[in-house]
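# Descriptive structure summary
Okay, here's what each chain looks like letter by letter:
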Amino acid sequence: MGSFKLGKMTLRSLFGKPETVMYPLEKREIPAGHRGTVENDMAKCILCGICVKRCPCSAIEVDKKAGTWTINHFACIQCDTCVRECPKDALSMSADFPHVATAIASQVLNKPEPTPEELAAEAAKKAEREARIAAAKAAKAAKEAEAAQG
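Rules used throughout
Per chain, residues are indexed from 1 in the order of the written sequence. Local features in this predicted model are restricted to residues whose pLDDT is 70 or higher, and side-chain atom pairs enter the listing and the counts only when it is 80 or higher, whereas totals over whole chains, interfaces and linings include all residues. Hydrogens are left out, water is left out, and the side-chain values use all remaining heavy atoms of the structure. Definition used for salt bridges: Asp or Glu carboxyl oxygen within 4 Å of a side-chain nitrogen of Lys or Arg. A run of H or I in DSSP counts as a helix once it spans at least four residues, and a run of E counts as a strand once it spans at least two, with each numbered from the N terminus. Remark: exposure states derive from per-residue accessible area (1.4 Å probe, protein chains only) relative to the maximum for the residue type, with buried under 20%, exposed over 50%, and partly exposed in between. A pair of strands counts as paired when DSSP detects no fewer than two bridges linking them. Think of each axis as a best-fit line through the C-alpha atoms, taken over the contacting stretch in the case of a helix, with angles from 0 to 180 degrees between the N-to-C directions. Within the patch definition used here, like charges are joined within 9 Å and nonpolar side chains (Val, Leu, Ile, Met, Phe, Trp, Tyr) within 5 Å, considering only residues with over 30% relative accessible area and no salt bridge. To be clear on the numbers: accessible area is Shrake-Rupley with a 1.4 Å probe, and residue cover counts the displayed protein chains and nothing else. Charged residues are defined narrowly, with Lys and Arg counted positive, Asp and Glu counted negative, and His plus the chain ends left uncounted. Note that the charge is assigned to NZ on lysines, CZ on arginines, CG on aspartates and CD on glutamates.

Under the definition given, this model contains 3 salt bridges. The partner of arginine 54 in a salt bridge is glutamate 85, with the nearest N and O atoms 3.5 Å apart. Residue arginine 54 is located in helix H2 (residues 50-54), and its partner glutamate 85 is located in helix H3 (residues 81-85); the two are separated by 31 residues in the primary sequence. Classification of arginine 54 by relative accessible area gives partly exposed; the value is 42%.

Here it is as structure tokens:
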């Protein structure tokens, strides 16, 4: 009985379409549920390091001082945990197959320099925060002075 199954499988492989393709030249259709590779939108990323803590295989590294985010795609198991845990939705899973590589290397992304508009918006935000703090301190001092008099 087993030889009939083996013969059927052998004949199907001899006369059927091959299962493999020449990958860089030909692309297979992406199956449903394929996660692909992790991608980071560095404009949204705040380098908080939550993805590093949640990664089960330690494929991600964050250096806040240098402003870099690094992933080792060869160590990544595409579990999607880092994408779900990112508080700013900076991480996503691309639907593409991993790129062909001849050597094991990590992908390093740098935080982009802020534009003049972003710098001006941050300075305005800081000035507004300082004004609120000063107003709160003045109100507290007035309240304490009133309590001391009365």
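Ordered in space as E2-E3-E5, the 3 strands form an open sheet in which the pairing is antiparallel. Strand pairing shows two members of the sheet lacking a second neighbour, strand E2 (60-63) and strand E5 (107-110), which therefore form its edges. Neighbour to neighbour, the strand axes of the sheet diverge by 15° on average, direction disregarded.

Let us now look at a positive patch on the surface. Residues Lys88, Lys125, Lys126 and Arg129 make up a contiguous surface patch of positive charge. Position of lysine 126 among the secondary structure elements: in helix H4 (residues 116-149). In this structure lysine 126 comes out as partly exposed when scored by relative accessible area, which is 46%.

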